[in-house]
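Tertiary structure, described
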Amino acid sequence: MHTDVVIAGAGPAGLTLACELATAGVSTILLEREPQRPGFCRGFNLNARSLDAFDRRGIADRFIAEGLKVPSTFFGGLPAPLDIGNLGWDHPYTLGIAQTRVEEILEDRAAELGVDIRRGQGLTTFTQDEDGVTVDGGIRAKYLVGCDGSRSAVRKIAGIDFPGTPNTRYVMLGDVEADIAPGLHGGVFVIPRPGYLRVVVADPDFDRTEPITLEILNSTVDEALGRHVELANPRWLTRFGNATRQAARYRSGRVLLAGDAAHIHPPAGAQGVNLAIADAMNLGWKLAAAVQGWASPELLDTYHSERHAAGARVLLHTQAQALLGGDEVGPLRELFAELSELDGVGKYLAELATGVETRYEIGEFATHPWLGRMAPNIAVAIDGRPTSVAKLLHGGRGVLLDFGVVDHPPLDRIDVLRAEPLDEAPVGAMLIRPDGYVAWLVTGDGRAEPGPLAAALSRWFGLVPA
Ligand SMILES: Cc1cc2nc3c(=O)[nH]c(=O)nc-3n(C[C@H](O)[C@H](O)[C@H](O)COP(=O)(O)OP(=O)(O)OC[C@H]3O[C@@H](n4cnc5c(N)ncnc54)[C@H](O)[C@@H]3O)c2cc1C
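Residues numbered from 1 in each chain as written. Predicted model: local features only at pLDDT ≥ 70, side-chain atom pairs only at ≥ 80, totals over all residues. Heavy atoms only, no water.

With an unreviewed UniProt entry as reference, the chain is termed 2-polyprenyl-6-methoxyphenol hydroxylase-like FAD-dependent oxidoreductase, source organism Kutzneria kofuensis. One UniProt comment on the chain, placed under Cofactor (unreviewed entry), says "FAD". (UniProt positions renumbered as here; feature names shortened; annotations may be inferred.)

And the structure:
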């Protein structure tokens with residue numbers, strides 16, 4: 001083997017995954033087709049859940065230091081943003097930060113961790129057999145992960161179906177300079193960007209084949225506004241549709257998919273970067289366990305079951321957001337806006353739009369609200385030293401956090417920590433996976449959920465009782 005894992009694609013999914021694998025001590029070659037990052041920027045935000053995830057590796061501050069904290073999120077089509085400033089979250093804001101900067105920060109981190117990043121070297125073909133994969137006839141690895149975007153070569157070569165719905169409408173996008181205020185002007189959406197404006201307008205020509213030019217964009221904008229606004233100095237002109245698709249399988253043998261390679265959806269709601277990061281955080285430790293040979297037989301398959309379900313939720317609400325923005329659903333939008341102001345509804349939508357609602361199916365007895373969810377970042381003391389759940393996960397290992405009810409002997413692959421709560425003890429003990437999600441817990445009164453700790457240690461960490 002030349003390496004444990006080959007990743008194709010150095011976007012948010014591939015870079016986050018590379019960092020996760022390197023943190024777990026797994027060797028990785030990251031192939032990126034483009035010699036350089038493109039000059040334009042697609043996404044502009046990290047949501048609360050992405051920041052939670054990076055916080056559990058000690059790198060959230062690298063992004064937060066550069067971004068703009070906006071104490072709200074939005075649900076596409078609704079006129080007002082949803083307030084998230086008072087929901088008690090660790091990161092009660094959306095971070096305005098360019099996707100290109102997010103990628104640069106992640107790439108620096110991957111390089112620090114020793115990832116072999118090969119720019120200008122795209123994957124063109126691969127084969128897999130019982131023991132591994134061979135990429136482009138040369139690189140031999142135990143696993144291959146396609147993080148190579150929506151047109152994923154890995155997905156196609158692996159023969160993984162990509163069912164869903166095709167484009168039924170298109171919008172044009174121009175990053176330009178213009179004398180027009182940000183906001184929604186009839187059918188023209190103007191979004192402020194650092195030093196320029198992002199202008200988005202429906203493309204009336206569904207069958208267009210020629211590339212978007214400044215002239216085409218300008219005349220379409222003028223038509224929609226009913227007046228002329230001069231657009232100038234284009235940085236990026238493009239056109240995209242509302243196709244929604246999801247890979248039928250996120251795993252085929254030794255080949256896996258993450259990010260846009262596994263799902264596409266309308267950009268409404270600004271989800272894709274964040275979904276890619278969430279996929280990678282879920283996959284990283286499981287793939288590392290498979291490489292290192294301690295995964296239970298079904299562990300890697302839980303990547304598909306957990307992330308396919310989470311992705312389907314995002315496809316659902318991004319389609320809803322795209323529809324809510326349509327001309328023909330004005331009354332529905334108005335009613336929806338009223339509903340979003342009701343107690344609990346705005347919070348529900350905000351949790352949906354930020355990934356905070358994500359809950360993995362941990363077991364049929366999963367009744368405690370924390371089970372399957374990201375463990376709250378509670379403050380604790382270990383050996384008298386104050387710390388927090390997020391900090392305990394920086395090394396990417398699982399944690400059995402015991403407030404004095406389990407008294408478990410030390411274990412190989414996870415940190416067994418006897419903790420004192422710095423506030424009220426919220427549970428008796430909990431088993432936290434490396435991605436921060438609660439896999440088992442026992443309540444303060446000693447009631448274990450969802451079942452014996454031994455079963456959870458075996459399922460998630462391949463630890464079989466002596
Ligand atoms: C107009 C627009 C606006 C958006 N705005 C937002 C937003 O505000 N917030 C948000 O969260 N998301 C946004 N998105 C979505 C977001 O950009 C994507 O979902 C995100 O980039 C997906 O990350 P990824 O790593 O899966 O794929 P990508 O970022 O597409 O990365 C794939 C990488 O793989 C490389 N590659 C491709 N083929 C190969 C190959 N054969 N071998 C090696 N490398 C290869 C590519 O060069 C690329 O670097 C937007 C998208 C668009 C189009």
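1. Looking at the overall build of the chain
Of regular secondary structure, the chain possesses 12 helices and 28 strands. A compact globule built from 466 residues should have a C-alpha radius of gyration of about 23 Å, and the chain, at 23 Å, falls within 12% of that. Projecting the C-alpha coordinates of the chain onto the three principal axes gives extents of approximately 75 × 60 × 35 Å. By residue count, 52% of the 466 residues in the chain fall in the buried class. Contacts spanning at least 24 positions in sequence make up 68% of the contacts within the chain whose residues lie at least 6 apart. Carbon and sulfur atoms provide 53% of the accessible area of the chain, an area that totals close to 20,300 Å². Positive and negative side-chain charges of the chain, numbering 43 and 59 respectively, have mean locations separated by a distance of 3 Å. (Helix = DSSP H or I, 4+ residues; strand = E, 2+ residues; numbered from the N terminus. Rg over C-alpha atoms; globule rule 2.2 N^0.38 Å. Buried < 20%, exposed > 50% of the residue type's maximum accessible area, 1.4 Å probe, protein only. Contact = heavy atoms within 4.5 Å. Areas by Shrake-Rupley, 256 points an atom, 1.4 Å probe, with all protein chains shown as cover. Lys, Arg positive; Asp, Glu negative; His and termini not counted. Charge placed at Lys NZ, Arg CZ, Asp CG, Glu CD.)

2. Digging into unusual backbone geometry
Even without glycine at this site, N233 takes up a positive phi of about 45°. Summarising the element assignment, N233 is placed in strand β17 (residues 231–241). By relative accessible area, which is 47% here, N233 ends up partly exposed. Despite not being glycine, A270 has its phi angle at roughly 50°, a positive value. Within the element layout of this structure, A270 appears in the loop between β21 (263–264) and α7 (272–292).

3. Description of the nonpolar core
The biggest cluster of nonpolar side chains holds 67 residues, and the ones touching the most others in it are V5, L46, F63, L144 and L287. Ranked by residues supplied to this core, first place goes to α7 with nine residues. Setting aside residues no more than four positions away along its own chain, L287 makes contact with V5, L21, Y143, V145, L256 and L300. Counting 37 residues, the second largest nonpolar core, distinct from the first, contains L299, V427, A439 and F461. (Core = buried A, V, L, I, M, F, W, Y, C linked by side-chain atoms within 4.5 Å.)

4. Topic: the state of the cysteines
Under the definition given, this model contains zero disulfides. With no disulfide of its own, C19 has C147 as its nearest cysteine by sulfur position, at a separation of 12 Å. What makes C19 buried here is its relative accessible area of 5%. Cysteine C41 shares no disulfide, and the gap to the nearest cysteine sulfur, in C19, comes to 18 Å. (Disulfide = S-S within 2.5 Å.)

5. Topic: the sheet that holds strand β15 (residues 188–193)
Sheets are built from strands that pair by backbone hydrogen bonding, the pairs being arranged parallel or antiparallel. Taken in spatial order, the five strands line up as β14-β15-β16-β13-β17 in an open sheet, and their pairing is antiparallel. The strands lining the two open edges of the sheet, one partner per strand, are β14 (183–185) and β17. For this sheet, the mean angle separating the axes of adjacent strands, direction not counted, is 20°. Pairing geometry for strand β13 (residues 170–178) and strand β16 (residues 196–203), over seven bridges, is antiparallel. When the bridges of β16 are listed, D175 appears paired with R198. (Pairing = 2+ DSSP bridges. Axes fitted to C-alpha atoms, helices over the stretch in contact; angles between N-to-C directions.)

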